[in-house]
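Chain and residue survey
Take a look at the letters that make up each chain.
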Amino acid sequence: MSSERIIPTEPVPKPEDTLTQMSHPEFIAGWKALVGEPPAAMLEDRSKMIRVLVESTPIAPLEGVDEVVEGDQAIPVQSLRSSAKALS
């Protein structure tokens, strides 16, 4: 196996964005399924709309969960709650 680096001679095509391929009615129906109502405003970039939605959604509480797995380490939820209270 050669360790020679291969440099493309043609531009690498951008991956297709599923959100831009969706029709307008499909996107609105999907948004309504997630949010419960159609979008109040349509941005030109649908990915930005999803990003704003995710960033504005509060994190769900960890009710009934005893531990959280991060990587290969299990962390007791109680220690996470104590850390969060100390930061606030």
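It should be noted that the structure appears before, not after, this text.
Quick look at the structure, then. (Residues numbered from 1 in each chain as written. Predicted model: local features only at pLDDT ≥ 70, side-chain atom pairs only at ≥ 80, totals over all residues. Heavy atoms only, no water.)

Turning our attention to the nonpolar core. Among the nonpolar cores identified, the biggest contains 5 residues, and these are Leu19, Phe27, Trp31, Met49 and Leu53. Contributing elements (two or more residues each) for this core: helix 2 (24–35) and helix 3 (46–56). In contact with leucine 19, not counting residues within four places along its chain, are Phe27, Arg46, Ser47 and Ile50. (Core = buried A, V, L, I, M, F, W, Y, C linked by side-chain atoms within 4.5 Å. Buried < 20%, exposed > 50% of the residue type's maximum accessible area, 1.4 Å probe, protein only. Helix = DSSP H or I, 4+ residues; strand = E, 2+ residues; numbered from the N terminus. Contact = heavy atoms within 4.5 Å.)

The next point concerns helix 3. Three or more residues of helix 3 are buried, namely Arg46, Met49 and Leu53. The buried residues of helix 3 occupy an angular sector of 50 degrees when the element is viewed end-on, so they sit on one face. Helix 3 presents Val54 and Glu55 as exposed residues on the side facing more than 90 degrees away from its buried surface. Looking at the buried side of helix 3, the elements it contacts are helix 1 (18–21) and helix 2. Two or three places before serine 47, at the opening of helix 3, aspartate 45 has a side-chain oxygen 2.9 Å from that residue's backbone nitrogen. (Arc of directions from axis to C-beta. Polar contact = N/O pair within 3.5 Å; in protein donor to acceptor, adjacent residues only side chain to side chain.)

This next bit is on the packing of aromatic side chains. On inspection of all chains with the given rule, the structure shows 1 aromatic pair. Between the aromatic rings of phenylalanine 27 and tryptophan 31, the centroid separation amounts to 6.1 Å while the plane-to-plane angle is 40 degrees, which identifies the pairing as tilted. Taken together, the residues span about one helical turn, with phenylalanine 27 and tryptophan 31 both in helix 2 at a distance of 4 residues. Classification of tryptophan 31 as buried rests on a relative accessible area of 11%. (Phe/Tyr/Trp six-rings, centres within 6.5 Å; stacked < 30°, edge-to-face > 60°.)

Moving on: the side chain of arginine 46. Tracing the backbone through its elements, the reader meets arginine 46 in helix 3. No salt bridge is formed by the buried arginine 46. Its closest oppositely charged neighbour is glutamate 26, at 6.8 Å. A polar contact is formed between the side chain of arginine 46 and the backbone oxygen of leucine 19, at a distance of 2.8 Å. Among the polar contacts listed, one links the side chain of arginine 46 to the backbone oxygen of methionine 22, at a separation of 2.7 Å. Residues contacting arginine 46, with those up to four places away along its chain left out, are Leu19, Met22, Ser23, His24 and Phe27. (Lys, Arg positive; Asp, Glu negative; His and termini not counted. Salt bridge = Lys/Arg side-chain N within 4 Å of Asp/Glu carboxyl O.)

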